[in-house]
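# Residue-level structural notes
Chain by chain, the residues:
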Amino acid sequence: MDRRTRQIVDVFCATSDKTPAELQACINRGCPWDQPIPAHSMRAMVPSPTIPLNIAAQYQRHDNLAVLVNKALEEGRPELLESPDLVGKSPAYLAVQKGNPLCLGVMAKAGANLHRAIPHVWQFTNRQHNNLTDPNEVSMPIHHALVRTVVSFTTRTCLCCVKNQKEAKLQVCTQCKMAYFCGGECQKKKWPQHKRVCKKIRKGADLVTFHNEMPKQKLVDEDGFLPFDEVVDNDLDLEDGMNEEDYYDASIIWEWYDPGTMKWNPYPKHINRSLSGLQDLGSPRYMYKPGNKDAEGNEEREQTLNPPNNVATNHAYYSEMIDHHIYTGCGRMMR
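We now turn to the structure provided with this report. The shown structure was predicted, so the numbers you read here are calculated from the model rather than taken from an experiment.

Attention shifts here to the pattern of salt bridges. Tallied over the entire structure, the rule returns 14 salt bridges. What emerges from the salt-bridge pattern is a single network uniting Asp34, Arg77 and Glu79.

Below, the discussion takes up the packing of aromatic side chains. The geometry of two aromatic rings is summed up by the distance between their centres and the angle between their planes. Under the counting rule described, the total for this entry stands at five aromatic pairs. With 5.8 Å between their ring centres and 75 degrees between their planes, Phe228 and Tyr267 make a pair best called edge-to-face. Placement of Phe228 in the loop between helix H9 (198-205) and strand E5 (255-258) and of Tyr267 in the loop between strand E6 (263-266) and helix H10 (269-280) is noted, with a sequence separation of 39 residues between them. Taken as a pair, Phe228 and Tyr267 share a single burial class, namely buried. An aromatic cluster is present here, built from Phe228, Trp256 and Tyr267 joined pairwise through their rings. Above the ring of Tyr93, the side-chain terminus of Lys89 is found at 5.3 Å from the ring centroid. The residue whose ring lies beneath Arg332 is Trp256, and the NZ or CZ to ring-centre distance is 4.7 Å.

With that settled, consider empty space enclosed by the protein. Under the counting rule described, the total for this entry stands at one cavity of 30 Å³ or more. Here the largest cavity is characterised by a volume of approximately 40 Å³. Around the largest cavity, the lining residues are Asp233, His270, Ile271, Tyr286, Tyr288, Lys289, Asn292, Lys293 and Glu296. For the lining of the largest cavity, the elements supplying multiple residues, two or more each, are H10 and strand E7 (285-288). Residues that form the lining of the largest cavity fall into these classes: three nonpolar, two polar and four charged.

This part is about the pairing of strand E8 (residues 314-317). Neither face of E8 is exposed, since Asn314 and Ala316 on one face and His315 and Tyr317 on the opposite face are all buried. Bridge count for E7 against E8 is four bridges, and the pairing is antiparallel. Looking at the pairing, Met287 lines up with His315 of E8. As paired elements, E8 and strand E9 (residues 322-325) share four bridges and run antiparallel to each other. Residue Tyr317 lies in a different strand from E9, and its bridge partner there is Ile322. Between E8 and the antiparallel strand that follows it, E9, lie four residues; Met321 among them carries a positive phi value of about 55 degrees.

This paragraph deals with unusual backbone geometry. Of note, Arg156 is a non-glycine position whose phi angle comes to about 55 degrees, a positive value. Mapped onto the secondary structure, Arg156 falls in the loop between helix H7 (141-155) and strand E3 (171-172). For Val162, which is not glycine, the phi torsion reads 70 degrees and is therefore positive. Within the fold, Val162 resides in the loop between H7 and E3.

Before going further, it helps to spend a moment on the side chain of Ser274. Within the secondary structure, Ser274 sits in helix H10. Accessibility expressed as a relative area gives 12% for Ser274, which makes it buried. Within polar-contact distance, the side chain of Ser274 engages the backbone oxygen of His270 at 3.0 Å. The contacts of Ser274, once residues within four sequence positions are left out, are Tyr286, Glu296 and Tyr318.

The next point concerns H7. Taking 1.5 Å as the rise per residue, H7 with 15 residues should run 21 Å; its terminal C-alpha atoms sit 21 Å apart, in good agreement. For H7, the buried fraction is high: 13 of the 15 residues fall into the buried class. One or two steps after H7, the chain reaches Arg156, where phi turns positive at roughly 55 degrees.

Each value, and the rule that gives it
Residues numbered from 1 in each chain as written. Predicted model: local features only at pLDDT ≥ 70, side-chain atom pairs only at ≥ 80, totals over all residues. Heavy atoms only, no water. Salt bridge = Lys/Arg side-chain N within 4 Å of Asp/Glu carboxyl O. Phe/Tyr/Trp six-rings, centres within 6.5 Å; stacked < 30°, edge-to-face > 60°. Helix = DSSP H or I, 4+ residues; strand = E, 2+ residues; numbered from the N terminus. Buried < 20%, exposed > 50% of the residue type's maximum accessible area, 1.4 Å probe, protein only. Lys NZ or Arg CZ within 6 Å of the ring centre and 35° of its normal. 1 Å grid on protein atoms, 1.4 Å probe; cavity = no way out; pocket = protein on both sides within 12 Å on 5 of 7 lines; lining within 4 Å. Points joined across faces, edges and corners; volume = space filled by probe spheres on them. Nonpolar A, V, L, I, M, F, W, Y, C, P; charged D, E, K, R; others polar. Pairing = 2+ DSSP bridges. Polar contact = N/O pair within 3.5 Å; in protein donor to acceptor, adjacent residues only side chain to side chain. Contact = heavy atoms within 4.5 Å. Expected span 1.5 Å × (residues − 1).

Right under this line is the structure:
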């Protein structure tokens, strides 16, 4: 192993196993803190894009995550905040997926893109294995509280009643600076849930010293979702002589929220009918891909960076009422 590779490995080891002081000392010695570990070195057998900043989130080391985040911001490299793991997931995404409010606080205060931090599957925090599971508020209340906080923060809607800036005068939580409320009644109603993460988010955020205040998110991630196809997604596959009203209940309208326009928009007819049908059957989710009916209900066995064309990109979960793009990490409210 050459000297440079040895230094990179030292940073990775310090990130996962050492104290912030030891990690900082490693960086001060000139060890590369922003490089992926080379293939065939001690900890990597294949090429990987993962850098220490992402590793800190994977290992839930909020303290070392803050060291690396501050370093990235001080050097004018905010793009490192989105550093991906092997399947393209950012540190902020991993913080929510693992149910870690401290790491989320670090990434939010740093100004990371939290639109891409709404995971469609959650991971238990007390195990090291890849034990991912569907969202479940009862068994994983911290994860649920984190997701709702991120959605409130990115869309600037009330954590409780989902009113937006046009519908109510919103005030941000004085502790975490992320959750929005339209008044004391809504805040009181949601406090039993939000208190599980509020102060820890603040504790993590306080470790990021580059910004004095919590940066606001842009309202829209332009590349977060595929657009609907007005022809394909509205096609109900009716044969000649069939009446639409016999196969489509126009009184049941599913909608998705667009934070850019602050409006609820109806889903295309085919997707709308499928959302109702799968819910009636007791399914936890509806999987689809806009403009591609062949992808409906199909998913990759293991998620990749370049999925086949015939797999679903969107998983709409009824328990959380969130429509997820599982490859970008984005999520939008639905009702």
